[in-house]
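# Report on the structure
Chain residues, written in single-letter form:
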Amino acid sequence: MSCTTLFEQVLDPDNRANPYGLFAELRRQPVCRQEDGTYVVSTHAEIARLVSDPRISSEDLPDPQKFRWTGHPITDLFVRPIRAEIRRRHQPFIFRDPPDHDRLRGLVMRAFSPERVRRMREETEELTNELIEKFAGKARIDLVDDFSYPLPVTVICKLLGVPPEDEPQFQGWATQLATALEPNQRGDEETQAKNEQCFTEISEFLRDLIAKKRKEPQDDILTDLANGDDDTERMNDFDLIATAVLLLVAGHETTVNLITNSVLTLLRFPEHWQRLRDDPAIAPRLIEEMLRYEPPVQYRTRLAIADIPIAGVTIPKDAPVVLLLASGNRDPDRFPDPDRFDPDRPDNRHLGFGGGLHYCVGAPLARIEAEVALVALAKRLQNPRLVEDPPPYRPGASLRGPRHLCLAFDGIAGA
Amino acid sequence: MSETPSGAPERIVVVGASLAGLSAAQALRTEGFAGSLTLVGDERHAPYDRPPLSKQVLRGLFSPDTTLPRHPDLNAEFRLGTPANRLDLDARTVSLGDGTTLPYDRLLIATGTRARPWPKSDEATLDGVFTLRTRDDAEKLSARLKAGPRRVVLVGGGFIGFEVASTCRDLDIPVTVLVRDGQPLEAALGPRLGGLVGEIAIERGVDLRLGAEIEQMDSEGGRLTGVTLKDGERIEADIVVAAIGTVRNVEWLEGSGLAADEGGVLCDGYCRVLRTNGDIVPDVFAAGDVARWPNPHQDEALVAVEHWGNACAQAKAAARNMLAGPAAGLTRHDHLPDFWSQQFGLTIKLVGLADGADSLSIVHGSLEARRFVALYGKDGRTVAAASIDSARWLPAYAAAIRERAPFPPITDAVDQPRLRIEEP
C-alpha cells in the first residue's frame, strides 16, 4: 500500500485507540509525502535531526479566520481587525521562531524555575489525596473527569497564580483553547470562531489579573512575568497573555493525557501496576517509558522554509511537515522491541517531550505530577479494573488521550 | 606480536580516577565485564566533576564536593591517593607509589593533565599564587576569594582564566586579566569571537590587558603583594591565578617503551596505545585529556582533546574495545569534539575544531545582539560551529561538520542574517 494516505488514516477517529500499526507502515518510508503535500516524518533519527534544523519553522499557523460581517461597523472595521493583527504578531512562543521565541522562552524559564516546580510536589500530593478521598463509597469512577482532569488544572492555576475561585472557569477555557494546539481541529471555522470568543474572554480576565499582580506581587509565575526583574526586560502585555494561555493549555491537556494513558497502560499490563504498588521508587522509570510508549503529544507540525534533503527525499520549501513523535518512539532502529512496554530500558531517549528548540518547558512539572498521581493511585485504589477497553477517545490526534476512563475497584486504602 | 589480545580479560586496571577513568569503569560493567576492576588515582578524592570548580564552587554556590555519581553495582577497587609510577609492558604490571604492583590483562591510561605550574618556582610558591585544576585548588582559592582580596590578577587568555575572571566579577572582586598573545580564547574561537568575549569581559568590569606579561611578582614575607609587568607597570594584588595551560601526566610512562611525550600518549583510532616504533600494544588503551589520537574530523590529524565530552566518549570506546574479542570488531572513536563554557552570563558552545579555519560566517542572530551561531570554514568545508546563547541549532551544524558539508552548509534558515563570509 502506498504511504500517501496513511496520515489521513492516523487522523481518522476510528484509528485513535491504536494508531501504532499505521506508524509502522509509515516508517517504511521515513519521510513520506502525503497527497495534500504534507511531509510526514516517522523515524527517530530523522525527527531528532529535524527538530534542530534551522530550515524548520514553527510559525506554521493557518491564516486567520476569513472575514465575516457581524453587522456592527465598529466591531467589523476596528475591533476585530486590530485584535486579529495583535494575535498574529503575538502568538505564543510555541508558534514562534528565534529570536522572539528565545527571548520569550528565556523569560518563562526564569519564572518556571526548578525550585518553584519542586515546591509544587507537596501541594500536588495533597490535591491528589483529596481527589482520591472523593472516590470513597463509589464502585466506579471516570478517571478523566474525577481525577486526571481536575488535578493538573489546579496545579497550573496555583503555579500561575490564578485564584482558586476562578479555576472552574479556567478549566472550561483550557478545554476549548486546547483545540488551537490541535492541528486537525484548528483549521475548522467553527472551532476558530469559538476560540476567538474564548480568547477574548480569557484575555480580559488575564488583563485584570496581571494588573493585580503588579499592584500586589505574589510568589507566582504571573507575578514574575508581569513585573520582570532587574536583569531582564519585561514581557509586553500581549505576549504575556499569549504566554499565560499557552502555559495553561499546554500545562494541562498534556498532563491529563499522561496520567490517563499511564493508568490505562498499567492496567493493561498489571504486573507493572503491582510493581509500582510494591516499589514507588520505580515511578520515574515507568513514566519515562510511558512518555515513549504512549506520548501525550503524538505529533507536532512545522513548516519547511527551504528545501531540506533528508532520508533520500527533499522536503520542498513551504511544505508543511508533520513530526510524528509517537512513531519515532516506536522506531525499532532506535528502541529494541519497541512495542513492548519495558520500564527497564537502559537508553530511553524518547521524543515524548519533543526536542531541540521547543523541548517541553513543563517537562519537570509533568514528571512530578505524573509521579505523584500514579504512586498515590497505585497505593490507594484497591483492585482497580478497566471497565471498557479500549476506552472512548477525545477527537484530537495530536493531543491524544481517552475522553473517559471508567474504572471499577473494591475501595480505597488510606493515604 | 598479534594485534588482538588473547583471551577474555579477568583483571582490568584503570590508571586515572577522574572523569575518563570512571566513565570507562562504568562502561566496562555495562558491557558485561565481571572480572576484577581497579582504579588508581593520585588524588585522595573519589572521582569528581571539574567543570563546576571554576564557576559554582569558586563562587561558593556549590560545595567543593563535586563527586561524580557512581553506579551502586560498580564493584571496583579504588586505590586513591596513590600515583602510578611505572609501567612494565612485558610483565603486564603497573607499580604504584606505595610500593605495590598491580598485574593487568587490560590497562587503561587515563592520567589526564595537571595545571601548568608558574615557571618561576620561587614565585609559584608565594602565598597568594594559585593554579586551578583540582578540587583542593578550588577549595583553597574559594576561601581566599571569600576573604575579599583587593585585586586578583589572572594570567592566561584561556577558558579557565576567563571563567575565574567572570566568577571574580560575580563576587565583585576587582580583576585584571593578562593575555600574552593575541585575543582571549583565540586558540579555540579565533581572534574575532575571542575579541568579542574580551569586549564583554571589559563591559563586566574586567581590566583586560592584551599583550601583557609579568616581569616579576612582588612579595613581602613570602606573601604576594602585586605584580610588575614587562612594560614596568605595577599592579597591586593579593592573588595571582596562573591559568597558563596544562601539562600531560605522562612522566610515569618514561622507559615503558610507549610513544608518550608532552603531546600525550599516542594511540590509534581505537584507543590502543602505540610503542615508540609505531607498533600497536593490543592490551593497553588510553582515553581522555592524556590521549592523542587521529581525529577523523580533522583529516586524521593527531590531536589531544581536553574536553569533558571527549573524556566520556573516548572512555566508552576504549572500554568496548578492551572487551572486544577478535570476532566482535573494534569501535572507532569518532567523537566530534565539543565543549561549553559559562562566563559573564553567557553560555558559549563549540562543536568541531576551529583550529586552522580560514573563514567565518554568522548564520543565526548577530554579534551585536551577543546571541548567535557562527560557522567556521576551512578549504570550503564546514569544520566547526560556535554559539553564544543559541546552542539549540548546533546539532544541525554538528551533522554538517560530520558530513564535511560545503561551507556554509545551510543558506536559508530561521533567524538568519544576510550571509557574509569573513576572516575568523
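Here the residue numbers are simple positions, counted from 1 along each chain's written sequence. As they are written, the chains are lettered A onward and the ligands numbered 1 onward, keeping that order. Per-residue local features of the predicted model are confined to residues with pLDDT of at least 70, and side-chain atom pairs are confined, for both listing and counting, to 80 or more; whole-chain, interface and lining totals are unaffected and use all residues. Neither water nor hydrogens contribute to the side-chain values; these are computed over all heavy atoms in the structure.

## Quick notes on the domain arrangement of chain B
The source of the domain bounds is an automatic or database domain assignment. Under the domain assignment used here, chain B contains domain 1 (11-114 + 247-323), domain 2 (117-244) and domain 3 (345-402). Taking only C-alpha atoms into account, the centre of domain 1 of chain B sits 30 Å from that of domain 3 of chain B.

## What to know about the interface of chain A and chain B
How large an interface is tends to be reported as the accessible area lost when its parts come together. Whether two residues are in contact is decided by their heavy atoms: any pair within 4.5 Å suffices. Contacts between the two partners involve 18 residues from chain A, matched on the other side by 14 residues from chain B. With both chains or domains summed, chain A and chain B bury close to 1400 Å², and 61% of this area falls on carbon and sulfur atoms. Broken down residue by residue, the surface that chain A buries against chain B is led by Ser-52, Pro-54 and Leu-357 of chain A, which jointly contribute 38%. Every case where a carboxyl oxygen of Asp or Glu lies within 4 Å of a side-chain nitrogen of Lys or Arg is listed as a salt bridge. At the surface where chain A touches chain B, the tally comes to 2 salt bridges. In protein, a polar contact means a hydrogen-donor-capable atom and an acceptor-capable atom, both N or O and within 3.5 Å, with residues adjacent in sequence counting only if both atoms are side-chain atoms; elsewhere, any N or O pair within 3.5 Å suffices. On inspection of chain A and its partner chain B, the count reaches 4 residue pairs in polar contact (both at pLDDT 80 or more). Secondary structure is summarised from DSSP: a helix means a run of H or I of at least four residues, a strand means a run of E of at least two, and numbering begins at the N terminus for each. Taken together, the elements giving at least two residues each to the side of chain A that touches chain B come down to strand S3 (56-57) and helix H5 (100-111) of chain A. Any residue outside Ala, Val, Leu, Ile, Met, Phe, Trp, Tyr, Cys, Pro, Asp, Glu, Lys and Arg is labelled polar, Gly included; the first ten of those are nonpolar and the last four are charged. Looking at side-chain class alone, the side of chain A that touches chain B contains 8 nonpolar, 3 polar and 7 charged residues. Here's the idea: put two parts together, see how much 1.4 Å probe accessible area each one loses, and the total over both is what we call buried area.

## Topic: the pattern of salt bridges
All names here are of chain A. Counted by the stated rule, this structure contains 64 salt bridges over all chains. In this structure, Arg-96 and Asp-239 form a salt bridge, with 3.0 Å as the shortest nitrogen-oxygen distance. Placement of Arg-96 in the loop between helix H4 (73-89) and H5 and of Asp-239 in helix H13 (residues 237-250) is noted, with a sequence separation of 143 residues between them. Of the two residues, Arg-96 and Asp-239, neither departs from the other in class, the shared state being buried. Residue Arg-394 pairs with Glu-253 through a salt bridge whose shortest N-O separation is 2.6 Å. Think of it in three bands: residues with accessible area under 20% of the maximum for their type are buried, residues over 50% are exposed, and the middle band is partly exposed, with areas taken using a 1.4 Å probe on protein chains only.

## A word on the packing of aromatic side chains
For any two aromatic rings, the description comes down to two numbers: the centre-to-centre distance and the angle of the planes. All names here are of chain A. A pair of aromatic rings is counted whenever rings of Phe, Tyr or Trp (Trp by its six-membered ring) have centres within 6.5 Å, and the orientation is called stacked for planes under 30 degrees apart, edge-to-face for over 60 and tilted otherwise. Enumeration over the complete set of coordinates arrives at 14 aromatic pairs over all chains. Taking the centre distance of 5.2 Å and the plane angle of 85 degrees together, the rings of Phe-7 and Tyr-299 count as edge-to-face. Taken together, the positions of Phe-7 in helix H1 (residues 6-11) and Tyr-299 in the loop between helix H16 (283-293) and strand S5 (300-304) put the pair 292 residues apart, joining distant regions of the chain. Just as Phe-7 is buried, Tyr-299 falls in that class too. Look at Phe-170 and Phe-205: their rings are 5.3 Å apart centre to centre, the planes differ by 65 degrees, and that puts the pair in the edge-to-face class. Highlighted residues: Phe-170 in helix H9 (residues 167-177) and Phe-205 in helix H11 (residues 189-215), separated in sequence by 35 residues. Grouping residues by exposure puts Phe-170 and Phe-205 together as buried.

## Thoughts on the state of the cysteines
Residues and elements named next belong to chain A. By disulfide we mean two sulfur atoms from cysteines, separated by a distance within 2.5 Å. For the coordinates displayed, the defined rule picks out 1 disulfide over all chains. With its sulfur 1.7 Å from that of its partner, Cys-3 forms a disulfide with Cys-32. Between Cys-3 and Cys-32 the disulfide shows an S-S torsion of about 80 degrees. By sign, it is right-handed. Of the two residues, Cys-3 sits in the segment before H1 while Cys-32 sits in strand S1 (residues 31-33), which places them 29 residues apart along the sequence. The residues Cys-3 and Cys-32 share a single accessibility class, namely buried. With no disulfide partner, Cys-360 has as its closest neighbouring cysteine sulfur the one in Cys-157, 17 Å distant. Cys-360 sits in the partly exposed class, given a relative accessible area of 28%.

## Details of the packing of H9 of chain A against H13 of chain A
Residue and element names in this part refer to chain A. The geometry of H9 relative to H13 is characterised by a closest axis approach of 9 Å and an angle of 85 degrees between their N-to-C directions. The orientation of H9 relative to H13 falls into the category roughly perpendicular. Between H9 and H13, the contacting residues are Phe-170, Ala-174 and Leu-177 on the first element and Val-245, Leu-248 and Val-249 on the second. A breakdown of the residues in the contact of H9 with H13 according to their chemical character gives 6 nonpolar, no polar and no charged. In this analysis, axes come from line fits to C-alpha atoms, helices being fitted only over the stretch in contact, and the angle between any two N-to-C directions falls in the range 0 to 180 degrees. Reported orientations rely on four angle classes, namely roughly parallel under 35 degrees, roughly antiparallel over 145, roughly perpendicular from 65 to 115, and oblique for the rest.

## Things to note about the sheet that holds strand S22 (residues 291-295) of chain B
Residues and elements named next belong to chain B. Taken together, the 4 strands give an open sheet; going across it, the order is S18-S19-S22-S23, and neighbouring strands pair in mixed fashion. At either margin of the open sheet sits one strand with a lone partner, and together these are strand S18 (260-261) and strand S23 (301-303). Note: two strands are recorded as paired if DSSP finds a minimum of 2 bridges between them. In this sheet, S22 lies alongside strand S19 (residues 264-266) in parallel orientation, the contact comprising 2 bridges. The residue bridging Val-265 from the neighbouring strand is Ala-291, located in S22.

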